[in-house]
Amino acid sequence: MIAYLLGVDGGGTGTRVLLATRNGAVLAQASAGPSALGQGVAAAWQQILTAVHHAFSLAGLAVPPLSQCALGAGLSGVHHQPWCDQFVALNPGFAHLAVENDAYIALLAAHHGQPGAMVAAGTGSVGEALYADGTRHQVSGWGFPVGDEGSGAWLGLRAMSHAQEVLDRRLPGASLARAVHAKCGSNRDALQQWCAKAGQNEYAQLALTVFESAASDPAAEALLVEAAAAIERMAHALDPQAALPLAICGSVGRQLFPRLASTTRARAIASPQDAVHGALTLVHQSLEPTP
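Just so we're clear, the structure is a prediction, and the values are computed from it rather than from any experiment.

Quick word on the sheet that holds strand β5 (residues 96–101)
Okay, step 1: One open sheet holds the five strands; their spatial order is β3-β2-β1-β4-β5, and the pairing between them is mixed. Each end of this open sheet is capped by a strand with a single partner; those strands are β3 (26–32) and β5. Each adjacent strand pair in this sheet contributes to an overall mean axis angle of 15 degrees, direction not counted.
Okay, step 2: Where strand β1 (residues 4–10) lies against strand β2 (residues 15–21), seven bridges are found, and the strand directions are antiparallel. Within β2, the position partnered with V8 by the bridge is V17.
Okay, step 3: Running at roughly 160 degrees to β5, helix α2 (residues 81–89) makes contact with β4 (69–75) and β5 of the sheet.
Okay, step 4: Strands in contact with helix α3 (residues 102–110) are β1, β4 and β5; relative to β5, the strand with the most contacts, it is inclined by about 95 degrees.

Take a look at the structure:
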């Protein structure tokens, strides 16, 4: 007998869990360390279970046998089938397990499980649509550095490239280049050392310099215009007829929102639910009998 539902949003920086009753009433929310599958499947389960135990504690409940719980998880890295298979194989005893990519649970959260389109831009970027016939389509999300257009890491990488050109005197410099030099180094050796060690998260942190410099540096504003155009292309690819409600999610997506076309802004829904609510929708839907 399943008494509890658990929704999990697991990524490279942290894990969030919602605990709910069988009918979907939320009892508690808890968090733990990263559970992206690329960082280790066993480690992902460890963080998920830590957050699950914490959620029951916050709800004032003893942790029941996992056989009384159903879990829905939206996880970074689940698109890599060997990782997904291993994650399912290591199920520590949940009565029911539904696993999807993290973009899909953001989509479910934004539109409460109904058809719609969603573009998320944070550290990375991805778009997904659910159509009325139940089919789905995903765009972007190819990963850093070759994909994830319009994301924080994408912006940071281009800010670094601009700062390097300014240091070479190939371009005139202004506030954006100065900000990058202040954070990462103002000579060739320092910039090379920074770039040699930096990954997606470090580049994403440079996105803040682009937003902060946009009012005073045309180079920064041009990058933000280009990023907004990338968001527009994702939205169009998901829904060329602009017939579906659209959610723009993620920290960078929200900051780029004012630069989107007026027609895009007009059909965008206000304040989409957080993705972890989509994981709860996922497990709830997966338990419903198929018509």
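The rest of the description comes next.
Some points on the sheet that holds strand β8 (residues 136–140)
Strand pairing in a sheet relies on backbone hydrogen bonds, with the paired strands running either antiparallel or parallel.
Okay, step 1: Spatially, four strands are ordered β8-β7-β6-β9 in an open sheet, and the strand pairing comes out mixed. Edge positions in the open sheet fall to β8 and β9 (246–249), since each of these has one partner strand only. Sheet twist, expressed as the average angle between the axes of neighbouring strands with direction ignored, equals 10 degrees.
Okay, step 2: Pairing geometry for strand β7 (residues 125–130) and β8, over five bridges, is antiparallel. When the sheet's bridge partners are listed, L130 is paired in β8 with R136.
Okay, step 3: Packing of α3 onto the sheet brings it into contact with β6 (116–121), β7, β8 and β9, and relative to β7 it is tilted by some 55 degrees.

A look at unusual backbone geometry
Okay, step 1: Omega for the bond connecting F144 with P145 falls within 30 degrees of zero, at 5 degrees, which places this linkage in the cis form.
Okay, step 2: Structurally, P145 can be placed in the loop between β8 and α4 (152–167).
Okay, step 3: Positive phi, normally seen in glycine, also occurs at D148, with a value near 55 degrees.
Okay, step 4: Along the chain, D148 turns up in the loop between β8 and α4.
Okay, step 5: Its identity is not glycine, yet A242 carries a phi of approximately 55 degrees, on the positive side.

What counts and what doesn't
Residues numbered from 1 in each chain as written. Predicted model: local features only at pLDDT ≥ 70, side-chain atom pairs only at ≥ 80, totals over all residues. Heavy atoms only, no water. Pairing = 2+ DSSP bridges. Helix = DSSP H or I, 4+ residues; strand = E, 2+ residues; numbered from the N terminus. Axes fitted to C-alpha atoms, helices over the stretch in contact; angles between N-to-C directions. Contact = heavy atoms within 4.5 Å.

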